[in-house]
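Coordinates in review
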Amino acid sequence: MAFKNPSNDRIKDILETSKTIAVVGLSDNPSRTSYQISKEMQNSGYNIIPVNPTIEESLGVKAVDSLKDINEPIDIINVFRRSEYLPDIAREAVQTDAKVFWAQQGVVSEEAADYLQEYDVTVLMDTCIKVAHSVTIGK
């Protein structure tokens with residue numbers, strides 16, 4: 001069975017009840033999409049945790065090397081990495097308390113989705129979190 005994202009009502013519920021987003025692949029370069037989208041989400045009131053071993057900080061927040069280095073509750077893991085990295089990130093994600101795994105636009109892995117759903121993690125793929133926020137909650 002092909003992967004299907006949750007309904008807009010479920011996405012709205014996720015965004016309204018979530019506070020902390022761990023952003024895997026967040027850049028410290030303001031011209032990068034990951035930075036721009038995460039900044040918008042931060043400006044909308046979300047706590048953003050940069051997950052990127054190649055940077056010191058982004059958006060004024062100290063970066064961590066991996067999801068396992070986060071010492072606070074995570075609501076959403078938002079991924080800005082290529083599709084082939086999703087299965088490994090999914091295996092790391094289930095070791096956290098995050099209940100939502102969100103792969104950005106253009107990023108899809110049936111293998112990762114199947115694995116995450118075995119652990120009751122809600123999966124969204126090929127969907128921009130900023131666009132979903134604008135559509136379901138608005139500015």
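Here, the structure is the one placed above.
Positions within a chain are numbered from 1, following the residues in the order the chain's sequence is written. Whole-chain, interface and lining totals are the exception, using all residues; otherwise, since this is a predicted model, local features are given only for residues with pLDDT of at least 70 and side-chain atom pairs are given and counted only at 80 or more. For the side-chain quantities, the full set of heavy atoms in the structure was used; hydrogens and water were omitted.

**Details of the side chain of Thr 136**
Working definition: helices are DSSP H or I runs of at least four residues, strands are E runs of at least two. Numbering for both runs from the N terminus. Here Thr 136 is to be found in helix α5 (residues 129–136). Each residue's exposure class comes from its accessible area (1.4 Å probe, protein chains only) as a fraction of the maximum for that residue type: buried when under 20%, exposed when over 50%, partly exposed otherwise. A relative accessible area of 13% means that Thr 136 is categorised as buried. Polar contact is defined as a pair of N or O atoms within 3.5 Å, subject to the rule that within protein one atom must be able to donate a hydrogen and the other to accept it, and that residues adjacent in sequence are counted only when both atoms are side-chain atoms. At 2.8 Å, the side chain of Thr 136 and the backbone oxygen of Ala 132 are in polar contact. In contact with Thr 136, other than residues within four places in its own chain, are Asn 8, Ile 11, Lys 12 and Leu 15. Throughout, a contact is declared for two residues whenever any of their heavy atoms are within 4.5 Å.

**Re the pattern of salt bridges**
Every case where a carboxyl oxygen of Asp or Glu lies within 4 Å of a side-chain nitrogen of Lys or Arg is listed as a salt bridge. As enumerated under the stated definition, the model contains five salt bridges in all. A salt bridge links Asp 13 to Arg 10; the nearest nitrogen and oxygen atoms lie 3.0 Å apart. Within this pair, Asp 13 and its partner Arg 10 are both found in helix α1 (residues 8–17), separated by three residues, close to a single helical turn. The closest approach of N and O atoms between Glu 111 and Arg 91, which form a salt bridge, is 3.8 Å. With Glu 111 in helix α4 (residues 110–118) and Arg 91 in helix α3 (residues 86–93), this pair connects stretches of sequence that are 20 residues apart. A single salt-bridge network, built from bridges that share partners, covers Asp 88, Arg 91 and Glu 111.

**Some details on the pairing of strand β5 (residues 76–79)**
Alternating positions in β5 separate into two faces, Ile 76 and Asn 78 on one and Ile 77 and Val 79 on the other, with burial throughout. Strands were regarded as paired on the criterion that DSSP finds at least two bridges between them. Sheet analysis places strand β1 (residues 20–24) next to β5, joined by four bridges and oriented parallel. Bridge pairing in β5 links Val 23 to Asn 78. In the sheet, β5 pairs with strand β6 (residues 100–103) via four bridges, with the strands oriented parallel. Across the sheet, residue Ile 77 finds its bridge partner in β6, namely Phe 101. Handedness of a crossover is defined as follows: with both strands directed away from the viewer, a clockwise route from the first strand across the helix to the second makes it right-handed. Crossover handedness for the path β5 to α3 to β6: right-handed.

**Thoughts on the environment of Leu 86**
Along the chain, Leu 86 turns up in helix α3. In the structure, Leu 86 is positioned 25 residues away from Glu 111 in sequence and 8.3 Å away in space, judged by C-alpha atoms. Residue contacts for Leu 86: discarding those within four places in its chain leaves Val 79, Phe 101, Ala 103, Val 107, Val 108, Ser 109, Ala 112 and Met 125.

**Quick notes on the nonpolar core**
Residues belong to one nonpolar core when they are buried, are Ala, Val, Leu, Ile, Met, Phe, Trp, Tyr or Cys, and are joined through side-chain atoms within 4.5 Å. Leu 67, Ile 70, Ile 77, Leu 86 and Phe 101 are the most contacted members of the largest nonpolar core, which totals 25 residues. Mapped onto this core, the elements with two or more residues apiece are β1, β2 (47–51), β5, α3, β6 and α4.

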